[in-house]
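Descriptive analysis of the structure
Below, each chain spelled out in residue letters.
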Amino acid sequence: MTTISYPTFIRRPNEYASGIWGWLTTVDHKRIGTLYGVTAFIWFLIAGIEAILIRIQLSQPEMSFVTPEVYNQLFTMHGTTMIFLVVMPLSAAFFNWLVPLQIGARDVAFPRLNAFSYWAFLFGGILLNFSWLIGDAPNAGWFAYAPNTGVKFNPSNGVTFWIIGLQILGIASLAAGFNFFTTIINMRAPGMTWFKLPVFIWMTAVVNVLIVLAFPVITVALIQLQFDRLYGTGFFNPAMGGDPVMWQHMFWLFGHPEVYILILPAMGIVSEVLPTFSRKPIFGYSFIVFSGIAIGFLGWFVWSHHMFTVGLGPAANAAFSVSTMLIAVPTGVKIFNWIGTLWGGSIKVNTALLFSVAFIGMFVIGGLSGVTHASPPSDAQQQDTYYVVAHFHYVLFGGSLLGLWSGIYYWWPKFTGRFLNEKLGLWHFGIVLLGFNLTFFPMHWLGLDGMPRRVATYPEGMGWDVSNLVSTMGSLLLGVGVLIFIYNIIYSNLRMPKNASNDPWDGRTLEWSIPSPPPHYNFDVIPEVKYRDDFWYKKYPELVDNTHGGGSDYEDQENHEVDHADIHMPDPSYYPLFLGLGLTVMVGGLIPFTGHWVVSAIGLIIFIWSFLGWSYEPVNG
Amino acid sequence: MSNISATEDHYTSTGVDNRKLMMWIFLGSDCLFFGSFISTYLVYRNRSLVGPYPNEILDIPITTVSTFVLLMSSLAMVMGLSYVQQGRQVLGRYWTLATALLGMVFLGFQVFEFTHFAHVGLTPRTNIFGSTFFTMTGFHGAHVTFGVIWLLIFAFSRLASSFRQKMLIFASFLSVVITMVGIMMTETLDVIPHMPFSLAMTVTIIGILGTIGSLYLLRVPDTEPEKISKEEENLELAGLYWHFVDIVWIVIFTVVYLVSAKDGAPLL
């Protein structure tokens, strides 16, 4: 390598650095994936504690465990954290780890941008949660309906923290969306055409398209709300001609695709786990792929089903009701695909598979209760009751989180080289499933019986006491299940041998063809792909005839000895970290609490400095 | 093959450069960004409770001129990119500068319009027309500003091979600015008192002569049309971005200055 002279601010670290600097400057997709996973898990614990506090408050009628003000902050931050700081980044952890490995690439298309996404996510999340420390957390719900969020009704800083935090998280998600979609389009191994991609990659592609198209909408809505609050514009202020319902439209136009952003990654994970442990190809590959695309597409035409009680008129309600029912079709198709995959397979039961199977069951329950709100008259009864809470926890916890856990158990040996303990895993699975159903199933009855959401307590004698107590017990049991999972991670790291082979599950996709954990360059030789589930047919060439009707055309590929020093990976960089920091300080300076133009100016300087440094850093690899 | 690059520049599944692909995806995303602002504007048409209303305040002729300037900047962008891709570095940089300059003129018009509106009494706080108008056009202006900075950085980074070329580019750039100033002076003769017509004409003529002269001297071919570098490929990205921002302006111009120009008090 010849050294090129370039204007420099800090010298770029040019090795695969170790230690803390290695992590701070990393651009390696695997390390970034790990950072995403660990950070999101910490926020999962925080949001889980918030949930348990909510449940303790609701365990008995007329409880005064927390004040109504704190209760509002708790449910707002629980929802916001779980959606933006837990499920999305946990999915991003899987995108980071798996997209390059499954498409046969050495890294994502823009490694530094990838690191920037992580740092912006981290700092944005810290800024959002910083509001707890000043005792002024957001309290308007994760949907932040106007005019409740207006400065007139909500003069505290909480909502401003929420707006600014979400803006930064949105930028992080957008950057990641551009990056992963480009990666999937452009970095596939030779021969890996679109219809040879693993289903997980397909779902990732759909999710990232949704991110790229849905986040600008919430960005604009947040800008408008921020201007209303800070600079006195009138977007959601009827006194100036604005309209609070406009916020609902903008929010749900983003918010409904967001729902699919949360669930589709888990669907992709399940579509990888089930075939492996059934030892069968996924049933109806094209159906499952096109259903995913259809969900992503139809997800744009259903937003007003969140607003059936607003009074948009019978025509709008009917149209959105039909489109909402329509979206159940591709979702149902997927359920049958997964059942068809299991059907007749040589099933190997373990924790990963159990989580996937539980995902199917729980998601069906959540999906069915979801279809019941698709009908406006029925929805009018359910709106703002615990029935809705039950529904979306069945799809988000019973769906997304169980799916993500399945993925964690499935890919843990690939990520770390160690297995998670199966016995602990089974306990974790059992207790979580039981606790989950105890927590959320009674909410169906509570909701149909009229118990309203978002109210800090309820009077005695409504007949809600037992169900609420059961629900609270269930949430504590869930907490125990999560503790077992944490113990399992610690146990795996301390006690389990680092002995995972390349392919411990007899897997089907490319990541199982390389060592566990993978070397930082991933593939010695970029694989050449001939079939869907290519690695499977490389292992079992005799199966090729049956599925494709042609003879095996794998030549014996010689094992080239590759000099690893020649594989040139992108150098680490400081700038993503500083760019994320600069962005957060700059935008954070707009919040009246931290707020001073000096703070913003310092942030702007850091931002410009790192932006220029980034631009002039030599692009090598 | 001494180096196996991780993110191989020469091989992509589609054959399209990664950065260009990402720019297209970004522009798709930006469509939704501006789409949201424009929809908000349209939804809130005729809903201002107090004036000034659009029909009292919008100046279509002036904005037509600034729109024309922005459209011409797209032409300059095409010229710049074309020269850079032919390896004619200097002319490429020159036209890039011209693009940035035209963008700045457009921004000048916008600053003028904003301050004028503020003087007449329309701010984002006045009414819903002000809120929607200023945020939508303001964020468009921010996009133009970013594009101008990008083009300026491109134009001045490793500007040209020799000192002479650098000076010539600078001189021609300066001449164009002087020309513009001169033209503006002639236009504002009746506004600014005591400005002799001869001064305005002199400035304009100096500018025009300087522009022609420096362009004439710049016509010498570049040293060697070498291989297009990575930075120069970036100009194509800037071009995509610039044209996109122009198209957005055409939509905004249509929506604000043509469709809603006659909007007045609320239709209640």
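Residues numbered from 1 in each chain as written. Chains lettered and ligands numbered in written order. Predicted model: local features only at pLDDT ≥ 70, side-chain atom pairs only at ≥ 80, totals over all residues.

**Description of the overall build of chain B**
Helix and strand counts for chain B stand at 8 helices and 1 strand. Listed by position from the N terminus, the elements making up chain B come as β-α-α-α-α-α-α-α-α. Contacts in chain B between residues far apart in sequence, at least 24 positions, make up 84% of those at least 6 positions apart. (Helix = DSSP H or I, 4+ residues; strand = E, 2+ residues; numbered from the N terminus. Contact = placed C-beta atoms within 7 Å.)

**What about the overall build of chain A?**
Looking only at helices and strands, chain A has 18 helices and 1 strand in total. Computed over its C-alpha atoms, the radius of gyration of chain A comes to 25 Å, within 12% of the 25 Å expected for a compact globule of 621 residues. Each of the three principal axes of chain A carries a C-alpha extent, and together these read 75 × 65 × 50 Å. Here chain A holds 621 residues, and 54% of them are scored as buried. Partitioning the intrachain contacts of chain A with sequence separation of at least 6 by distance along the chain shows that 82% fall at a separation of at least 24. (Rg over C-alpha atoms; globule rule 2.2 N^0.38 Å. Buried ≥ 20, exposed ≤ 12 C-beta atoms within 10 Å, placed from the backbone.)

**Things to note about the confidence of the model for chain A**
Residues of chain A with pLDDT of at least 70 account for 93%, and the chain-wide mean is 90. Note that pLDDT drops below 50 for residues 555-559 of chain A; the model gives that stretch 0 contacts with residues more than four away or on any other chain. (pLDDT = per-residue confidence, 0-100.)

**Quick look at helix α12 (residues 386-416) of chain A**
Residues and elements named next belong to chain A. At Tyr 410, α12 is bent by approximately 45°, the largest bend along its length, and proline Pro 413 sits one to four residues beyond. A large share of α12 lies buried, amounting to 28 of its 31 residues. Downstream of α12 by a residue or two, Gly 417 has a phi angle that is positive, lying close to 85°. (Bend = angle between axes of the 7 residues up to and from the residue.)

**A look at unusual backbone geometry**
Ala 146 of chain A connects to Pro 147 of chain A through a cis peptide bond whose omega is 0°. Of note, Pro 147 of chain A is situated in the loop between α4 (111-133) and α5 (158-186). For the peptide bond that leads from Gly 51 of chain B to Pro 52 of chain B, omega is -5°, which places it in the cis range. With respect to the element layout, Pro 52 of chain B can be found in the loop between α1 (18-43) and α2 (54-57). Here Arg 279 of chain A, not a glycine, exhibits a phi torsion of approximately 50°, which is positive.

**Brief notes about the interface of chain A and chain B**
With 40 residues of chain A in contact, the opposing surface of chain B contributes 35 residues. Those elements that place two or more of their residues in the side of chain A that touches chain B are α5, α6 (199-231), α7 (244-278) and β1 (567-568) of chain A. At 10 residues, the largest contribution of residues to the side of chain A that touches chain B is made by α6 of chain A. Looking at the side of chain A that touches chain B residue by residue, the classes come out as 25 nonpolar, 11 polar and 4 charged. (Nonpolar A, V, L, I, M, F, W, Y, C, P; charged D, E, K, R; others polar.)

**Brief notes about the packing of helix α2 (residues 29-58) of chain A against helix α3 (residues 68-103) of chain A**
Two quantities define a packed helix pair, namely the angle between the axes and the distance from one axis to the other. Residues and elements named next belong to chain A. Running from amino to carboxyl end, α2 crosses α3 at an angle of 155°, the nearest separation of the two axes being 7 Å. Between α2 and α3, the crossing angle belongs to the class labelled roughly antiparallel. Of the two elements, α2 crosses α3, and the hand of that crossing is left-handed. (Axes fitted to C-alpha atoms, helices over the stretch in contact; angles between N-to-C directions. Parallel < 35°, antiparallel > 145°, perpendicular 65-115°, else oblique. Left-handed = near helix turned anticlockwise from the far one by under 90°.)

**Structural notes on the nonpolar core**
All names here are of chain A. If you look at the biggest cluster of nonpolar residues, it comprises 224 residues, and the most contacted ones within it are Ile 168 and Ala 221. With 22 residues, the single largest contributor to this core is α6. Not counting residues within four places of it along the chain, the set of residues in contact with Ile 168 comprises Ala 120, Phe 123, Gly 124, Leu 127, Leu 583, Thr 584 and Val 587. (Core = buried A, V, L, I, M, F, W, Y, C linked by C-beta atoms within 7 Å.)

**Thoughts on the environment of Leu 102 of chain B**
Residue and element names in this part refer to chain B. Looking at the secondary structure, you find Leu 102 in helix α4 (residues 89-120). For Leu 102, a count of 24 C-beta atoms within 10 Å translates into the label buried. For the pair Leu 102 and Val 148, spaced 46 residues apart in sequence, the C-alpha to C-alpha distance is 9.1 Å. When near neighbours in sequence (up to four residues on either side) are disregarded, Leu 102 contacts Val 69, Leu 70, Met 72, Ser 73 and Ala 76.

**Here we look at the confidence of the model for chain B**
Residue and element names in this part refer to chain B. Overall, the predicted model of chain B reaches an average pLDDT of 83, with 85% of residues at or above 70. Under a pLDDT of 50 for its full length, residues 1-9 has, in the predicted model, 20 contacts with residues more than four places off or in other chains. Model confidence for the complex is summarised by a pTM of 0.89, with the ipTM given as 0.92.

**Some details on helix α14 (residues 465-495) of chain A**
Residues and elements named next belong to chain A. Taking 1.5 Å of rise per residue, 31 residues should cover 45 Å, and α14 covers 44 Å from first to last C-alpha, within 8% of that figure. Within the span of α14, buried status applies to Asn 468, Ser 471, Thr 472, Gly 474, Ser 475, Leu 478, Gly 481, Ile 484, Phe 485, Asn 488 and Ser 492. Structurally, α14 contributes buried residues whose contacts are with α2 and α13 (422-448). (Expected span 1.5 Å × (residues − 1).)

**Some thoughts on the environment of Phe 75 of chain A**
Residues and elements named next belong to chain A. Along the chain, Phe 75 turns up in helix α3. Note on Phe 75: 22 C-beta atoms within 10 Å, which makes it buried. Filtering out sequence-adjacent residues up to four positions away, Phe 75 remains in contact with Ile 54, Gly 141 and Arg 454.

**Some details on the packing of helix α8 (residues 285-298) of chain A against helix α9 (residues 314-342) of chain A**
All names here are of chain A. For the pair α8 and α9, the least separation of the axes is 9 Å and the interaxial angle reads 155°. Our classification of the angle between α8 and α9 gives roughly antiparallel. The hand of the α8/α9 crossing is left-handed. Contact residues: Phe 287, Ile 288, Ser 291, Ala 294, Ile 295 and Leu 298 in α8; Ser 323, Leu 326, Ile 327, Pro 330, Thr 331, Val 333, Lys 334 and Asn 337 in α9. Of the residues belonging to the contact of α8 with α9, the class tally is 9 nonpolar, 4 polar and 1 charged.

**Remarks on the environment of Pro 138 of chain A**
Residues and elements named next belong to chain A. Position of Pro 138 relative to the elements: it lies in the loop between α4 and α5. The exposure class assigned to Pro 138 is buried, which follows from the 28 C-beta atoms found within 10 Å. Residues Pro 138 and Leu 74 lie 64 residues apart in sequence; the distance between their C-alpha atoms is 8.6 Å. Setting aside chain neighbours within four positions, we find Pro 138 in contact with Gln 73, Thr 76, Met 77, Thr 80, Ser 131, Gly 158, Val 159, Phe 161 and Trp 162.

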